[in-house]
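Residue strings, one per chain:
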Amino acid sequence: MINYGELYYDHYSNFLGEPIDREVFKNNEERVYNTLGFSKYEEVVGDNVEISLVVDGAFSSAGYILANALFYCIGNQVQIG
């Protein structure tokens, strides 16, 4: 399984240098869904934002709900931030 957290850490460390601090948390009962690229729609939603959604249940539908909510915001030019 690809560890995307480690890939992002390595990428940013290469360009920005070593961080001051780092901590990795794991819990099999929680998941985090993050947008990557939502900031592309800054002109539509009114701010340069990325969204994180932490859930401890409904794993099979949480990502779908987040994606649909954001597509709704983009389609209806809802201001975020």
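As a reminder, the structure under discussion sits directly above these lines.
My aim in this report is to walk through the structure given alongside it, one point at a time. Source: prediction; values computed, not measured. (Residues numbered from 1 in each chain as written. Predicted model: local features only at pLDDT ≥ 70, side-chain atom pairs only at ≥ 80, totals over all residues. Heavy atoms only, no water.)

### Considerations on the overall build of the protein chain
- Within the protein chain, the regular secondary structure consists of three helices and two strands.
- In sequence order, the protein chain lays out its α and β elements as α-β-α-β-α.
- Put simply, 49% of the contacts in the protein chain that link residues at least 6 apart link residues at least 24 apart.
- For the protein chain, the exposed surface amounts to about 6900 Å²; the carbon and sulfur share of it is 53%. (Helix = DSSP H or I, 4+ residues; strand = E, 2+ residues; numbered from the N terminus. Contact = heavy atoms within 4.5 Å. Areas by Shrake-Rupley, 256 points an atom, 1.4 Å probe, with all protein chains shown as cover.)

### Brief notes about the packing of aromatic side chains
- Throughout the structure, instances matching the rule amount to one aromatic pair.
- With centroids separated by 6.2 Å and ring planes inclined at 45°, the aromatic side chains of Phe38 and Tyr41 adopt a geometry described as tilted.
- By relative accessible area, which is 6% here, Phe38 ends up buried.
- The aromatic ring of Phe59 is capped on one face by Arg31, whose charged end is 4.5 Å from the ring centroid. (Phe/Tyr/Trp six-rings, centres within 6.5 Å; stacked < 30°, edge-to-face > 60°. Buried < 20%, exposed > 50% of the residue type's maximum accessible area, 1.4 Å probe, protein only. Lys NZ or Arg CZ within 6 Å of the ring centre and 35° of its normal.)

### Points about helix H1 (residues 4-16)
- Between its terminal C-alpha atoms H1 stretches 18 Å, which fits the 18 Å expected from 13 residues at 1.5 Å a residue.
- Trailing H1 by a residue or two, Gly17 shows a phi angle of about 90°, which is positive. (Expected span 1.5 Å × (residues − 1).)

### Structural notes on unusual backbone geometry
- Here the phi dihedral of Ala58 falls at roughly 55°; this positive angle occurs in a residue that is not glycine.
- By the secondary structure assignment, Ala58 is in the loop between strand S2 (52-55) and helix H3 (59-75).
- Residue class for Ala58 comes out exposed when judged on its relative accessible area of 52%.

### A closer look at the side chain of Thr35
- Along the chain, the position of Thr35 falls in the loop between strand S1 (31-34) and helix H2 (42-45).
- The exposure class assigned to Thr35 is buried, which follows from its relative accessible area of 14%.
- Among the polar contacts made by the side chain of Thr35, one reaches the side chain of Glu50 at a distance of 2.6 Å.
- A polar contact is formed between the side chain of Thr35 and the backbone nitrogen of Ile51, at a distance of 2.8 Å.
- If we ignore the near neighbours within four places in the chain, the residues touching Thr35 are Glu50, Ile51 and Leu70. (Polar contact = N/O pair within 3.5 Å; in protein donor to acceptor, adjacent residues only side chain to side chain.)

### Concerning the nonpolar core
- Formed by Phe38, Val45, Val49, Leu66, Leu70 and Ile74, the largest nonpolar core amounts to six residues.
- Those residues in contact with Val49 that lie beyond four places of it in its chain are Phe38, Ser39 and Ile80. (Core = buried A, V, L, I, M, F, W, Y, C linked by side-chain atoms within 4.5 Å.)

### Points about the environment of Leu70
- For Leu70, the position within the fold is in helix H3.
- When its relative accessible area of 11% is taken as the criterion, Leu70 is described as buried.
- When the C-alpha positions of Leu70 and Ile51 are compared, they lie 9.1 Å apart, and in sequence the two are 19 residues distant.

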